[in-house]
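What follows is the residue order along each chain.
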Amino acid sequence: MSMRRAVATATGVLLGMAALSLTATPAHAAPQRKKADAPVTVAHRGASGYAPENTLAAVEKADKLGFDWVENDVQRTKDGELVVMHDTTLARTTDVEKLYPDRSPWNVRDFTAKEIGRLDAGSWFSDDYKGERVPTLEKYLKSLTENHQRLLLELKSPELYPGIELQTLKELSEHGWLDSKHTKDKLVIQSFNAASVKTTHDLHPALKTGFLGNPKISELDSYAKFTDQINPTYTAATKDYVKAVHARKGARGEQMEVFTWTVNDGSTARTVDKAGVDGIISNYPDVVREATRG
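The name an unreviewed UniProt entry gives the protein chain is Glycerophosphodiester phosphodiesterase, with Streptomyces ovatisporus as the organism.

Okay, here's the thing in structure tokens:
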């Protein structure tokens, strides 16, 4: 898709998305965590401790380990396609330097979807994953749907991709991810960019959103106007901070949640569990599950 077509498509769908936001039945999340409940475990970039991050192989590994929730990162290519990639450059997790040696610094936004589709996104992790590809968001969603999994989707560096909030919502809608079943408890969109989170909420108020970071407690009331989760690093997820977040209702009128990241060992998992977090994001979700049982 050309950038001109992408912009035209986004503009054309704006009124439809606004109508969807206004007519959607208000979603109600699953019951809040009880003291005896373990926090939700989210496979970070898929089960990225065991398979190359943000690939379909990592999604499949999370599924085989028994995890419903996966986290991913979304960016936009030069020709307007949405792809799943964490870094804003392709250098760390693909063979882009080998295939395109003269195109440093290998930014995602400087390559077409077809060019990115040629890249090997698995060999850097292990020879067992040689030939694994960078998935489009479309392919990623299809894989999750087939596995009956849930998605914590991060808009990565949205300031680089004007309009990516609307474009992402449009693609989610096209693949059935904005119906009431999904907005109830199968999808969250998050970002480090507060303005992007607010834009997402304004476009589709029924959808749960999350802010990545740890605003001061004195700032939480302002964040609660446009987000439903505050998702800090594990070092910031103290008992007092979690309690302060839980004391507020988020943008959808429900108790705010805390999903913390990136927890990869049992000791830290038990610490944030005792602090009362609602979710733990991990490269090794099985380690977190074992540590927080009982």
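Here the narrative resumes, following the displayed structure.
**Student:** Can you walk me through the overall build of the protein chain in this structure?
**Tutor:** On a plain count of helices and strands, the protein chain comes out with twelve helices and nine strands. Taken across its 294 residues, the protein chain has 53% of its residues classed as buried. Contacts spanning at least 24 positions in sequence make up 63% of the contacts within the protein chain whose residues lie at least 6 apart. Taken as a whole, the protein chain presents about 13300 Å² of accessible surface, with 51% of it coming from carbon and sulfur.

**Student:** Would you mind going over the pairing of strand β1 (residues 40-43) with me for this structure?
**Tutor:** Direction of pairing for β1 relative to strand β9 (residues 279-282): parallel, over a ladder of four bridges. Considered in β9, the bridge of valine 40 is made with glycine 279. Where β1 meets strand β2 (residues 69-76), two bridges bridge the pair, whose relative direction is parallel. Counted as the bridge partner of valine 42 is tryptophan 69 from β2.

**Student:** How should I be thinking about unusual backbone geometry in this particular structure?
**Tutor:** Glycine aside, the phi torsion of most residues is negative, and most peptide linkages are trans. Following serine 104, the chain continues into proline 105 via a peptide bond in cis, with omega recorded as 10 degrees. As for its position among the elements, proline 105 is in the loop between α3 (96-99) and α4 (113-117). Note that the residue after tryptophan 261, namely threonine 262, is joined by a cis bond; omega there is -25 degrees. Summarising the element assignment, threonine 262 is placed in the loop between β8 (259-260) and α11 (266-275). Positive phi is not limited to glycine here, since arginine 45 has a value of about 55 degrees. Assignment of secondary structure puts arginine 45 in the loop between β1 and α2 (56-65). The phi angle at serine 157 is positive, at roughly 45 degrees, despite the residue not being glycine. Turning to its location among the elements, serine 157 is positioned in the loop between β4 (150-155) and α6 (164-174).

**Student:** Looking at this structure, I do not really get the nonpolar core. What am I missing?
**Tutor:** Grouped burial of nonpolar side chains is what soluble globular proteins tend to show. Of all hydrophobic cores here, the largest spans 40 residues; its most connected members are Leu90, Leu151, Leu153 and Leu172. Broken down by secondary-structure element, the contributors of at least two residues to this core are α2, β2, β3 (82-84), α5 (137-147), β4, α6 and β5 (187-191). The residues touching leucine 172, leaving out its near neighbours within four places in the chain, are Leu141, Leu153, Trp177, Leu178, Leu187 and Ile189. The next biggest cluster of nonpolar side chains, apart from the first, holds 22 residues, and it includes Tyr223, Ala237, Val245 and Met256.

**Student:** Before we go on, may I ask you to explain the side chain of glutamine 167 in this structure?
**Tutor:** Looking at the secondary structure, you find glutamine 167 in helix α6. Only 2.7 Å separates the side chain of glutamine 167 from the backbone oxygen of glycine 80, close enough to count as a polar contact. Once residues lying within four places of it in the same chain are set aside, the contact partners of glutamine 167 are Arg76, Gly80 and Leu82.

**Student:** Just to check I follow, could you spell out the side chain of asparagine 147 for this structure?
**Tutor:** Of note, asparagine 147 is situated in helix α5. Setting aside chain neighbours within four positions, we find asparagine 147 in contact with Val59, Glu60 and Asp63.

**Student:** What exactly am I supposed to notice about the pattern of salt bridges here?
**Tutor:** Two side chains of opposite charge can pair, provided their charged atoms sit close to one another. Taken as a whole, this structure holds 15 salt bridges when the rule is applied. Across the pair lysine 198 and aspartate 202 runs a salt bridge whose closest N-O atoms are separated by 2.9 Å. With a gap of four residues between them, lysine 198 and aspartate 202 both fall in helix α8 (residues 194-203), about one helical turn apart. Aspartate 202 sits in the partly exposed class, given a relative accessible area of 45%. One network of salt bridges, with partners in common, ties together Arg45, Glu53, Asp87 and Arg92.

Calculation notes
- Residues numbered from 1 in each chain as written.
- Predicted model: local features only at pLDDT ≥ 70, side-chain atom pairs only at ≥ 80, totals over all residues.
- Heavy atoms only, no water.
- Helix = DSSP H or I, 4+ residues; strand = E, 2+ residues; numbered from the N terminus.
- Buried < 20%, exposed > 50% of the residue type's maximum accessible area, 1.4 Å probe, protein only.
- Contact = heavy atoms within 4.5 Å.
- Areas by Shrake-Rupley, 256 points an atom, 1.4 Å probe, with all protein chains shown as cover.
- Pairing = 2+ DSSP bridges.
- Core = buried A, V, L, I, M, F, W, Y, C linked by side-chain atoms within 4.5 Å.
- Polar contact = N/O pair within 3.5 Å; in protein donor to acceptor, adjacent residues only side chain to side chain.
- Salt bridge = Lys/Arg side-chain N within 4 Å of Asp/Glu carboxyl O.

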